[in-house]
Amino acid sequence: MDDLARRQLDGIAELAGLAAAAGIEVWLRGGWAMDFHLGEVTRAHVDVDWYCWRADAGRLADLLRGRGWRPDPRMPVDLQLDLVRADVEMSVAYLARDATGRVVVGAGPWAGTALPDGMLTGPPGRIGPLAVPMISVAAQIEFKEMFPVWMPDRPRRGKDAADLTRLRATDRHP
């Protein structure tokens with residue numbers, strides 16, 4: 001594991017700890033969620049991706065700003081919360097519920113779009129002693145499979161194909 005990965009893991013622990021202490025629900029997503037499912041760092045990561053409820057984003061941002069995290073000026077906060085500290089980037093996408101209570105995209109051009117059923121009910125992931133909430137493996141697979149369908153101008157990346165292979169090999173859910 002390289003130094004950036006160690007700093008990213010420290011950031012993961014910090015965000016998860018601050019959120020838990022404040023009663024803010026968060027879920028790890030993306031490549032780091034896969035690694036926490038597998039229990040090891042499998043590759044280099046550009047950033048750390050999370051979900052939180054849109055209503056909690058301001059409180060979470062305030063907590064992280066108090067620890068030296070700064071808003072990334074490249075991303076509008078009304079779409080998602082993007083924070084940086086030194087060379088570590090954290091992106092927190094927003095969740096909401098629709099009128100029926102279903103979990104949906106909480107902001108941006110796809111606001112209101114339903115997300116996979118059971119996405120937030122998976123067990124925590126773990127790397128060493130660090131355990132964090134994360135989206136379900138089934139949701140991780142669905143996102144990796146569907147990304148090129150949802151965004152045809154962005155074909156599947158090599159790392160996503162490799163991630164799919166790893167996730168499918170360990171998915172214990174139908």
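Residues numbered from 1 in each chain as written. Predicted model: local features only at pLDDT ≥ 70, side-chain atom pairs only at ≥ 80, totals over all residues. Heavy atoms only, no water.

### Here we look at the nonpolar core
Then step 1. In this structure, Ile12, Leu28, Trp32, Phe36, Trp50 and Leu60 are the most contacted members of the largest nonpolar core, which totals 31 residues.
Then step 2. Among the elements of the structure, α1 (3-22), β1 (26-29), α2 (30-38), β2 (48-53), α3 (57-65), β4 (80-85) and β5 (88-97) are those that each provide at least two residues to this core.
Then step 3. The contacts of Leu60, once residues within four sequence positions are left out, are Leu15, Ala19, Ile24, Val26, Cys52, Leu81 and Val92.
Then step 4. Core analysis: the next-biggest nonpolar cluster, separate from the first, contains 13 residues, Tyr51, Val103, Met119 and Ala139 among them. (Core = buried A, V, L, I, M, F, W, Y, C linked by side-chain atoms within 4.5 Å. Buried < 20%, exposed > 50% of the residue type's maximum accessible area, 1.4 Å probe, protein only. Helix = DSSP H or I, 4+ residues; strand = E, 2+ residues; numbered from the N terminus. Contact = heavy atoms within 4.5 Å.)

### Concerning the environment of Ala44
Then step 1. Position of Ala44 relative to the elements: it lies in the loop between α2 and β2.
Then step 2. Since its relative accessible area comes to 62%, Ala44 is described here as exposed.
Then step 3. Separated by 15 residues in sequence, Ala44 and Arg59 place their C-alpha atoms 29 Å apart.

### Remarks on the pattern of salt bridges
Then step 1. Inspection of the entire model under this criterion finds nine salt bridges.
Then step 2. Among the ionic pairs, Arg85 bridges to Glu14, the shortest N-O distance being 2.6 Å. Note that Arg85 is positioned in strand β4 and Glu14 in helix α1, a separation of 71 residues in sequence.
Then step 3. With a relative accessible area of 11%, Glu14 lands in the buried category.
Then step 4. Between Asp117 and Arg102 there is a salt bridge, with the nearest N and O atoms lying 3.5 Å from each other. Taken together, the residues span a long stretch of sequence, with Asp117 in the loop between β6 (103-105) and β7 (125-127) and Arg102 in the loop between β5 and β6 at a distance of 15 residues.
Then step 5. With a relative accessible area of 64%, Asp117 lands in the exposed category.
Then step 6. A relative accessible area of 35% means that Arg102 is categorised as partly exposed.
Then step 7. Via salt bridges that share partners, Glu14, Arg67 and Arg85 belong to a single interconnected network. (Salt bridge = Lys/Arg side-chain N within 4 Å of Asp/Glu carboxyl O.)

### Some words on the packing of aromatic side chains
Then step 1. A complete count under the given rule lists two aromatic pairs for this structure.
Then step 2. Plain terms: the ring middles of Trp27 and Trp53 are 5.8 Å apart, the flat faces sit at 90° to each other, and that makes the pair edge-to-face. Here Trp27 is found in strand β1, whereas its partner Trp53 is found in strand β2, with 26 residues between them in sequence. Comparing Trp27 with Trp53 shows no difference in burial state: the two are buried.
Then step 3. The ring centre of Tyr51 lies 5.0 Å from the NZ or CZ of Arg29, which sits over that ring.
Then step 4. One residue, Arg54, lies across the ring of Tyr94, its end atom 4.2 Å from the ring centre. (Phe/Tyr/Trp six-rings, centres within 6.5 Å; stacked < 30°, edge-to-face > 60°. Lys NZ or Arg CZ within 6 Å of the ring centre and 35° of its normal.)

### Here we look at the pairing of β2
Then step 1. β2 sits mainly inside the fold: six of its six residues count as buried.
Then step 2. On β2, burial covers both faces: Val48, Trp50 and Cys52 on one face and Asp49, Tyr51 and Trp53 on the other are all buried.
Then step 3. Relative to β2, β1 runs antiparallel, the two being bridged by four bridges. Bridge assignment links Arg29 to a residue of β2, and that residue is Asp49.
Then step 4. With six bridges joining them, β2 and β5 adopt parallel strand pairing. Residue Trp53 lies in a different strand from β5, and its bridge partner there is Leu95. (Pairing = 2+ DSSP bridges.)

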